[in-house]
Amino acid sequence: MSDGLTDAFRWIKPHNFKVSIIAAVGNNNELGDDNGMLWYLPTDLKRFKDLTIGNTVIMGRKTHDIIGDLPGRTNYIVSKNIRGKNIFNRLDQSISSVNTEQCFLIGGQKIYEIGMEYVDKIYLTKIDKTFENATVFFPNINMDEWKIEWESEKIEENNLSFKFINFIRK
Ligand SMILES: NC(=O)c1ccc[n+]([C@@H]2O[C@H](COP(=O)([O-])OP(=O)(O)OC[C@H]3O[C@@H](n4cnc5c(N)ncnc54)[C@H](OP(=O)(O)O)[C@@H]3O)[C@@H](O)[C@H]2O)c1
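Residues numbered from 1 in each chain as written. Predicted model: local features only at pLDDT ≥ 70, side-chain atom pairs only at ≥ 80, totals over all residues.

### Quick look at the overall build of the protein
Heads up, the rule is: Secondary structure is summarised from DSSP: a helix means a run of H or I of at least four residues, a strand means a run of E of at least two, and numbering begins at the N terminus for each. Based on C-alpha atoms, the radius of gyration is set beside the globule rule, defined as 2.2 Å times the residue count to the power 0.38. In this scheme the burial state of a residue depends on its C-beta neighbours within 10 Å: 20 or more other such atoms mean buried, 12 or fewer mean exposed, and anything in between means partly exposed; the C-beta positions come from the backbone. It is the C-beta atoms, placed from the backbone, that decide contacts: two residues are in contact if theirs lie within 7 Å.
Secondary structure assignment for the protein yields five helices and 11 strands. For the protein, whose C-alpha radius of gyration is 16 Å, the value lies close to the compact-globule estimate of 15 Å for 170 residues. By principal-axis analysis of the C-alpha atoms, the protein measures approximately 45 × 40 × 25 Å. Looking at the protein as a whole, 27% of its 170 residues qualify as buried. The long-range fraction of contacts in the protein, counting pairs at least 24 apart against all pairs at least 6 apart in sequence, stands at 69%.

### As for the environment of Tyr 112
For Tyr 112, the location among the structural elements is in helix H5 (residues 109-115). Linking Tyr 112 and Gly 84, residues 28 residues apart in sequence, is a C-alpha distance of 22 Å. If we skip the residues at most four places from it in the chain, Tyr 112 touches Ile 21, Ala 23, Leu 105, Gly 107, Phe 138 and Pro 139.

### Overview of the site of the ligand
Spelled out, the test is: As a rule, any residue with its backbone-derived C-beta atom within 6 Å of a molecule or strand is reported as near that molecule or strand. The classification used treats Ala, Val, Leu, Ile, Met, Phe, Trp, Tyr, Cys and Pro as nonpolar, Asp, Glu, Lys and Arg as charged, and all other residues, Gly among them, as polar.
The environment of the ligand is formed by 28 residues, the closest being Gly 32, Gly 60, Gly 107, Gly 108 and Gln 109. Counting residues per element, the ones that place at least two in the shell around the ligand are strand S1 (18-25), strand S2 (30-32), strand S3 (56-60), helix H3 (61-67) and H5. Across the shell around the ligand, the residue classes break down as 12 nonpolar, 10 polar and six charged.

### A short note on helix H2 (residues 42-52)
The test is simple: The directions considered for the arc run from the helix axis to the C-beta atoms.
Here H2 has its buried residues at Asp 44, Phe 48 and Thr 52. Looking down the long axis of H2, one finds its buried residues gathered within 55° of arc, a one-sided arrangement. The outward face of H2, more than 90 degrees from its buried face, is lined by the exposed residues Pro 42, Lys 46 and Asp 50. Each element contacted by the buried residues of H2 is listed here: S1, S3, strand S6 (102-105), strand S7 (121-127) and strand S11 (160-169).

### Digging into the pairing of S7
Our working definition: In this scheme, strands are said to pair when DSSP sees at least two bridges between them.
Both S1 and S7 contribute to a ladder of six bridges, which runs parallel. Counterpart to Ser 20 in the pairing with S7 is Lys 121. Alignment of S7 against S11, held across seven bridges, turns out to be antiparallel. Bridging from a neighbouring strand, Ile 127 pairs with Phe 162 of S11.

Right, here's the structure in full:
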């Protein structure tokens, strides 16, 4: 019987903690461009902070170049090229090293792509707009494997309409 966990996740899971993805996307799964995010949504940033505070955030080296270390959280970086404290050359090693109750994969595209198999929850902010200049995209969520656990009402802010959607594995 399936417990919803992939073999990869079961193998690396060192103790009973939660690994989630958190991301904000446009209508075509747009994540951002070479300079960073394509929108400014304080309500989304507050939710991001409320969920991640006190826990570990794991990000790709390029996302770290853009946003730096996030205060109040343990920051892990994934890179094949740089070395240092809290820098890992494999995503699975970074997840295995987490010693907070929860850990969040916070982007960007590369980390979401390789991280999808390790997570049991996706916190998605879906923005009802197409961003033509996007260069990075969130991977497709296969609804054969995932179901919507909860979704918020529409929220209007800064001339954008968005909602929060939580996905869990079937
Ligand atoms: N909308 C959102 O929620 C959201 C969230 C986060 C980021 N973003 C956006 O995403 C963009 C950045 O995403 P990105 O895909 O270009 O970069 P990224 O995922 O942030 O970082 C890519 C880097 O991670 C390292 N990496 C990737 N795969 C690896 C692997 N298998 N093993 C070891 N290291 C690996 C490499 O670092 P080295 O080159 O150092 O080896 C690679 O260059 C930005 O536009 C940012 O604003 C959006």
